[in-house]
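Below, each chain spelled out in residue letters.
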Amino acid sequence: MAIAPTFDIQLTEADLREQLRTDVLWGLSGPRKWLPPKWFYDARGNALFDLITGLPEYYPARTERALLHTAADEIARHASGATELVELGSGSSEKTRLLLNSLTAHGSLCSYIPQDVSETALRAAADWTSGEFPHLSIHGIVSDFTTMLAALPHGGRRLVALLGGTLGNLPPFERTAFLGELHQVLAPGEQLLVGVGLVTDPAVMMSAYNDAAGVTAEFNRNMLHVLNDRLGADFDPLAFDHLAVWDPDLEWIEMRLAATEAMRVTIPDLDLVIDFAAGEQLRTEISAQFRLTGFRAELATAGFRMRHAWTDPAQRFALVLADR
């Protein structure tokens, strides 16, 4: 009989709403408008992202999945002492199945701790995981891993996974702070497994964020739908063009929304009025791409030691295992 999943709600809907209010006030009131990518995601945003991961242009998802398929057993051998798998930003946990299969077969894994800001996604993932791995204790954590790492549970030796290139969504100063805090939270001997996109042909990278079917464009505009739904804003999402831009100096892709005409937007929930000039852009996401030598140095600065890296034949994505 499967062990019933348990849940720890560290971040409520009220907390998320307050975070959104703060981000909008800070991000849209300045001369260069921006918002963090976590506000893409509501039920519609989750569904659109699921579609993106299946698009022919979007190589990161299928490349990481293929890497997990081929490297999971080796990862499990390197992490054979882990008793807990903690997955940050777990979402549907679909790719994690490969890791869980290998970790349970090759090691002493006894619990899976998925973490996500979405309680709905977490509960759905916990249901299928407990059915497929009935011997595992599953403890879901609803939280924001960028600010609440210290609250992660610990009762054994942990392997922390951050997959999907999510680390690259953090600006460099936030990424440095995150890795440093994670190092403080983990004990000696615990490990980090992270999936990162690698710098490759700009045309290949750009097509992954600007697909021919326009799904990514709709996903990008979904942030405006979220602001309308949650804060009563009156954005016209169709009045914004989707842009994806490669910055060769910073080596990241930026997703932006560009106003097609001058407009005024009101957000009654914040008593805020925002003017957009024609062509003015709102940055919605960065997606940093890495070079393994540079990423090794980033990890070392935070106190981690890269143990092994697995890359695909085209060198477009990497799974990196690091020791605390």
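Just so it is clear, the model here is predicted, and its values are computed rather than measured.

What counts as what
Residues numbered from 1 in each chain as written. Predicted model: local features only at pLDDT ≥ 70, side-chain atom pairs only at ≥ 80, totals over all residues. Heavy atoms only, no water. Core = buried A, V, L, I, M, F, W, Y, C linked by side-chain atoms within 4.5 Å. Buried < 20%, exposed > 50% of the residue type's maximum accessible area, 1.4 Å probe, protein only. Helix = DSSP H or I, 4+ residues; strand = E, 2+ residues; numbered from the N terminus. Contact = heavy atoms within 4.5 Å. Pairing = 2+ DSSP bridges. Axes fitted to C-alpha atoms, helices over the stretch in contact; angles between N-to-C directions. UniProt positions renumbered as here; feature names shortened; annotations may be inferred.

A.B. asks: Would you take a moment to explain the nonpolar core for this structure?
C.D. replies: Proteins that are soluble and globular tend to have nonpolar side chains buried together. Within the largest apolar cluster, 47 residues are counted, with the highest numbers of intra-cluster contacts made by Val 24, Leu 28, Leu 227, Phe 235, Phe 240, Ile 267 and Phe 276. With six residues, the single largest contributor to this core is helix 8 (residues 215-231). Here Val 24 is in contact with Ser 29, Leu 35, Leu 227, Leu 231, Ile 267, Leu 270 and Leu 272, once residues within four sequence places are set aside.

A.B. asks: Is there a simple way to explain the environment of Ala 47 in this structure?
C.D. replies: With respect to the secondary-structure elements, Ala 47 resides in helix 2 (residues 43-53). Considered as a pair, Ala 47 and Ala 278 are 231 residues apart in the sequence and their alpha carbons are 30 Å apart.

A.B. asks: Hey, could you run me through the sheet that holds strand 7 (residues 191-197) in this one?
C.D. replies: Within a sheet, adjacent strands bond to each other through the backbone by hydrogen bonds, running parallel or antiparallel. Pairing within the open sheet is mixed, and its eight strands lie in the order 1-5-4-3-6-7-14-13. Strands with a single pairing partner mark the edges of an open sheet, and in this sheet they are strand 1 (6-9) and strand 13 (305-311). Averaged over all adjacent pairs, the angle separating strand axes in this sheet is 20°, with direction ignored. In terms of strand pairing, strand 4 (residues 111-116) meets strand 5 (residues 137-142) through four bridges, oriented parallel. Among the inter-strand pairings, Asp 116 is bridged to a residue of strand 5, identified as Val 142.

A.B. asks: I would appreciate a short explanation of the UniProt feature "domain: Histidine-specific methyltransferase SAM-dependent" (unreviewed entry) in the chain in the present structure.
C.D. replies: Under the local residue numbering, the UniProt record ascribes the feature "domain: Histidine-specific methyltransferase SAM-dependent" (unreviewed entry) to residues 21-323. Secondary structure across residues 21-323 divides into 38% helix and 26% strand, with the first and last C-alpha atoms of the span separated by 37 Å.

A.B. asks: I'm lost on the environment of Pro 171 in this one. Help?
C.D. replies: Checked against the element boundaries, Pro 171 lands in the loop between strand 6 (158-162) and helix 6 (172-185). Judged by relative accessible area, Pro 171 falls into the buried class, the value being 16%. In the structure, Pro 171 is positioned 115 residues away from Ile 286 in sequence and 7.3 Å away in space, judged by C-alpha atoms.

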